[in-house]
Amino acid sequence: MDDTWNNVELTSISRRKSYTLNHSYDSSSKYSAFNNNENEKPSQDEEPSSTAQTVNGTDQKCLQPGSDIKPNVANEQVESLLRRLFGITIGEMKELLAYDDRNYFIKEDPNIKNPLIVSHCPHGYVLKILNALDSKKEDFVDAQNQLMLYLSKYIECPRPVANVNAKLYSVENINGTQHIVRLLEFVPGKMFHEVPTTNYLLYQSGEYLAKMVKALKNFQHEAYDSHTSTWQLQSVPQIKKFLYVLEDHSRKALVEEVMEAFEKTVLSKLDTFEMQIIHGDFNEQNIIVEPCANGQDYKIKAVIDFGDTNKSPILFEIGIALTYMLLQAKSLESGGVFLAGFETILPLNAETKSYLKYCVAARLAQSLVMGAYTHSLHPSNEYVLVTQEQGWKLIEELWREKWETIDDIWKTSCDNYLQSSVK
């Protein structure tokens with residue numbers, strides 16, 4: 001099982017943040033190794049600030065500059081939550097790197113029976129403690145849970161586990177702040193970023209995304225009608241408030257140019273695009289892969305992390321996924337192979353394709369700015385910098401060098417791949 005512990009929601013596990021619970025040890029010793037190199041102490045009084053904004057006539061809580069919304073939780077509290085809410089006695093536990101939440105991989109103690117969970121997951125679980133901002137949106141958490149249960153009928157994805165009260169989540173007071181707590185089944189396998197980014201895998205990714213889009217076409221939940229978040233592409237204009245974190249003036253100017261073009265060319269036409277519920281974060285950290293029968297290639301097994309699901313244009317789903325495929329392949333040309341896979345399931349018209357480069361540039365800008373901002377709050381969180389180095393290279397190449405030719409580049413690489421004998 002050790003070989004698959006780093007294939008969990010959001011990112012690979014930081015080995016220096018791991019520990020094993022052995023109940024013959026006292027509490028202080030079993031947590032000391034886990035907290036090595038971590039100096040964060042839970043604050044009893046600190047509550048993250050957020051400002052209400054009105055979006056489309058609906059009051060929403062949106063991330064504001066200076067807000068620190070990540071949960072402050074001690075390991076003893078995690079153990080207590082698991083026992084009280086799910087009847088789980090921990091056998092082993094590892095914290096996973098995450099953006100604003102706290103996520104933990106959990107294995108039950110096999111020597112202690114737990115009657116609270118009817119169908120035990122042999123691979124373990126992921127305990128999710130949501131950030132203070134998302135914890136204010138109970139209806140949205142319910143929507144995520146219902147979406148996972150619905151989608152699991154069509155593709156593999158985590159399923160939520162009911163707690164002692166037969167609920168799929170609960171709101172818990174942790175160090176003076178309210179946080180939503182829930183448990184998901186763990187999906188084993190390797191993560192996309194852990195295997196070679198071959199053309200076959202890119203093609204597979206496009207196909208898989210299209211299948212997920214089709215599966216979600218008829219899914220509805222009223223929470224998505226009003227839900228907004230900083231990570232939606234509709235929210236790209238909001239990153240203006242966070243540009244102060246970019247010390248390089250040329251990079252700041254580039255982001256401003258991208259934002260202006262995206263607003264003028266894409267957001268101005270938002271009402272004309274086909275909308276539905278989308279995953280919103282189909283990236284190399286959220287895709288589980290498994291070996292093909294030939295033992296050489298990998299194929300998509302499952303998708304995880306539904307925290308960014310939202311109601312948006314299908315165009316945005318494709319653009320976001322395309323962005324992360326380009327980052328992983330480290331090649332703008334590879335985008336055509338991903339699109340070839342998508343279009344075998346859901347063909348795209350020329351107008352839709354013409355907007356994709358704007359979506360890619362906007363997502364890169366959004367990720368680069370928000371990654372830098374979050375890192376300024378939590379310098380030890382390396383996960384938020386995953387896209388930084390390659391991201392700046394990619395956005396500069398796309399925006400400064402290949403903007404006028406990228407559509408033709410993608411079309412050529414798409415055609416070449418489809419005409420090749422090996423997919």
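What counts, and where the lines are drawn
Residues numbered from 1 in each chain as written. Predicted model: local features only at pLDDT ≥ 70, side-chain atom pairs only at ≥ 80, totals over all residues. Heavy atoms only, no water. Salt bridge = Lys/Arg side-chain N within 4 Å of Asp/Glu carboxyl O. Helix = DSSP H or I, 4+ residues; strand = E, 2+ residues; numbered from the N terminus. Buried < 20%, exposed > 50% of the residue type's maximum accessible area, 1.4 Å probe, protein only. Pairing = 2+ DSSP bridges.

Asks: Please provide a residue-by-residue account of the pattern of salt bridges, values included.
Replies: Taken as a whole and judged by the stated rule, the model has 16 salt bridges. Arginine 363 is the partner of aspartate 281 in a salt bridge, and the nearest nitrogen-oxygen pair spans 3.4 Å. Taken as a pair, aspartate 281 in the loop between strand S11 (275-278) and strand S12 (287-291) and arginine 363 in helix H8 (residues 350-377) lie far apart in primary sequence, 82 residues in all. Each of the two residues, aspartate 281 as well as arginine 363, counts as buried. Note that aspartate 407 and lysine 357 form a salt bridge whose closest N and O atoms lie 3.8 Å from each other. Here lysine 357 lies in helix H8 and aspartate 407 lies in helix H10 (residues 406-419), a separation of 50 residues in the sequence. The exposure class assigned to lysine 357 is buried, which follows from its relative accessible area of 7%. Where salt bridges share partners, they join Glu333, Glu397 and Lys402 into one cluster.

Asks: Residues and numbers for the pairing of strand S9 (residues 177-185), please.
Replies: A large share of S9 lies buried, amounting to seven of its nine residues. Taken together, the five bridges between strand S6 (residues 125-129) and S9 define a ladder with antiparallel strand orientation. What sits directly across from valine 126, in S9, is leucine 184. In this sheet, S9 lies alongside strand S7 (residues 160-161) in antiparallel orientation, the contact comprising two bridges. In the sheet register, proline 160 faces S9, and the bridge partner there is leucine 184.

So yeah, pure geometry; function would need other evidence.
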